Every structure is written in C-alpha cells, then in structure tokens.
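Reading the structure
This is what each chain is made of:
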Amino acid sequence: MNHPRIGHGYDLHRLEPDLPLIIGGVKLEYDRGCAAHSDGDVVYHAVTDAILGALGQDDIGQLFPDNDPKYKDADSHIFVKEAVNRMNDANYTLGNIDITVILERPKLSPHKPTIKQNLANLLTCDTSQINIKGKTHERVDALGENRAIACHVVVLLNHG
Ligand code: MG
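Bear in mind that the values here come from a model prediction, so they are computed numbers and not experimental data.

Rules used in this analysis
Residues numbered from 1 in each chain as written. Predicted model: local features only at pLDDT ≥ 70, side-chain atom pairs only at ≥ 80, totals over all residues. Heavy atoms only, no water. Helix = DSSP H or I, 4+ residues; strand = E, 2+ residues; numbered from the N terminus. Rg over C-alpha atoms; globule rule 2.2 N^0.38 Å. Buried < 20%, exposed > 50% of the residue type's maximum accessible area, 1.4 Å probe, protein only. Contact = heavy atoms within 4.5 Å. Areas by Shrake-Rupley, 256 points an atom, 1.4 Å probe, with all protein chains shown as cover. Lys, Arg positive; Asp, Glu negative; His and termini not counted. Charge placed at Lys NZ, Arg CZ, Asp CG, Glu CD. Polar contact = N/O pair within 3.5 Å; in protein donor to acceptor, adjacent residues only side chain to side chain. Donors = N, O, S within 2.8 Å, 3.2 Å for Na, K, Ca; no water. Axes fitted to C-alpha atoms, helices over the stretch in contact; angles between N-to-C directions. Left-handed = near helix turned anticlockwise from the far one by under 90°. Nonpolar A, V, L, I, M, F, W, Y, C, P; charged D, E, K, R; others polar. Pairing = 2+ DSSP bridges. Right-handed = clockwise from strand over helix to strand, strands pointing away. Core = buried A, V, L, I, M, F, W, Y, C linked by side-chain atoms within 4.5 Å. Salt bridge = Lys/Arg side-chain N within 4 Å of Asp/Glu carboxyl O.

1. Structural notes on the overall build of the protein chain
Counting secondary structure elements, the protein chain contains five helices and seven strands. Mapped from its N terminus to its C terminus, the protein chain presents α and β elements in the order β-β-β-β-α-α-α-β-α-β-α-β. In terms of overall size, the protein chain behaves like a compact globule, its C-alpha atoms giving a radius of gyration of 15 Å where 160 residues would be expected to give roughly 15 Å. Split into buried and exposed, the 160 residues of the protein chain put 45% on the buried side. Nonlocal contacts in the protein chain, meaning residues at least 24 apart in sequence, comprise 73% of its contacts between residues at least 6 apart. When the accessible surface of the protein chain is totalled, it reaches about 8000 Å², and 48% of it is carbon and sulfur. Charge centroids of the protein chain, computed over 16 positive and 22 negative side chains, lie 5 Å from each other.

2. As for the side chain of Thr100
With respect to the helices, strands and loops of the structure, Thr100 is situated in strand E5 (residues 92–102). At 3.2 Å, the side chain of Thr100 and the side chain of Lys133 are in polar contact.

3. Let's talk about the coordination of the magnesium ion
At this site the magnesium ion is bound by Asp11 (OD), Asp11 (OD), His13 (NE2) and His45 (ND1), with donor distances of 2.2 to 2.8 Å. The sequence motif formed by the donor residues of the magnesium ion is D-x1-H-x31-H. Residue Asp11 is found in strand E1 (residues 5–17), and its partner His45 is found in helix H1 (residues 42–55); the two are separated by 34 residues along the sequence. On the accessibility criterion, Asp11 (14% relative accessible area) is buried.

4. Looking at the packing of H1 against helix H4 (residues 112–123)
With their axes 12 Å apart at the nearest point, H1 and H4 run at an angle of 35° to one another. The way H1 lies across H4 gives a crossing that is right-handed. Across the interface between the two elements, Val43, Tyr44, Val47 and Ile51 from H1 touch Asn118, Leu119, Leu122 and Leu123 from H4. When grouped by side-chain class, the residues that make up the contact of H1 with H4 number seven nonpolar, one polar and no charged.

5. Things to note about the environment of Leu63
Mapped onto the elements, Leu63 comes out in helix H2 (residues 60–63). Look past the residues within four positions of Leu63 in its chain and what remains in contact with it is Leu52, Asp58, Tyr71, Glu82 and Arg86.

6. Considering the pairing of strand E6 (residues 130–135)
Both E5 and E6 contribute to a ladder of six bridges, which runs parallel. Bridge assignment links Ile102 to a residue of E6, and that residue is Lys135. In this fold, the crossover linking E5 to E6 by way of H4 has right-handed handedness.

7. Things to note about the environment of Arg86
Structurally, the position occupied by Arg86 is in helix H3 (residues 77–89). We classify Arg86 as partly exposed; its relative accessible area is 23%. Taking the C-alpha atoms as reference, Arg86 lies 11 Å from Thr48; in sequence the two are 38 residues apart. For Arg86, the residues in contact, after removing those within four places along its chain, are Leu52, Leu55, Gln57 and Leu63.

8. Some words on the nonpolar core
Residues Val43, Val47, Ile99 and Leu123 are the most contacted members of the largest nonpolar core, which totals 46 residues. Considering each element in turn, this core owes the most residues, ten residues, to H1. For Leu123, the contacting residues outside a window of four places in its chain are Val47, Ile51, Val80, Val84, Leu94, Ile97 and Ile130.

9. Quick notes on the pattern of salt bridges
In total, this model carries five salt bridges according to the counting rule given. Across the pair Arg14 and Glu16 runs a salt bridge whose closest N-O atoms are separated by 2.8 Å.

See the structure below:
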C-alpha cells in the first residue's frame, strides 16, 4: 500500500452534570462534561479512529477496551499517540485532517487554536494541516438538546 489513504472517524459521548469537559486536549469550563470510561475526549477519539481507519487497522474500542481498568479516566492523548505510532510504522505521514465537532454549548471557537496546536504536537505536523469546525445541531435531537457531543473526522495519509 503506497498510495494515499483516506480515513473517517466518528465519536459521541453523553453530556452529564459535574463531569470534566475535555475537547481536543483542552479542559473547558462548563457545568457538564462527557460521560466515558476514559476522559471522554470526542476529538481525540475520532482522530484516533480516522487514522486507524486510513491504515485499515483495528478501531479504538478494540485497541483500548472500555472495560479495561487501565484506561479508566485515561488521558486520551495516549490513543492518538498509538495511532500515530502505527501510522509511522506503516510509513505514512499526515496529509491533512478535517474535524467537525457538533455541540450546542459551550462555544468551541475560543479554543480552536489550542486544540489545533495540541493536535499538531501529537501528529507532529503543522497547524495548517489541521482544520476544526464547530457546529450546533439546531436544538434538534440529543445533540441539539445539549445531552451529547459528537465529532466527525476525515484524514488523508500520504505514503513515505
Ligand atoms: Mg469515545
């Protein structure tokens, strides 16, 4: 496999009161957070699955089972790092990555530069290779009612 490869990642977590809200490695000040076995970072989880998907490998749930005590409250950067290690082992580099976070509140825009920088550090790439968008769900369904946060990621990997 020596041609570019595309990958898609998706994740969703319930929002519940009095839990930490961590998005793209940034802890947001908010009265609700993501219910999860790990720290519930939807961006890092979807990025991990997008890279693994591009490589045609297992998914995050297979690599890091959510019933394994080792990953209880885990900082999700370890999942991204594992995906990046696998990308390097397969001799692929990041082309670009496009991220859409769906959340009703709080506002994502003030945190975008920090999230981009966190990802650039993890993916060892330039921030110009990373795009991140925040969208509301127009008050429709669980996402729009602020009961969940979701994230879609598309990534392109280049060989060599
Ligand atoms: Mg997740």
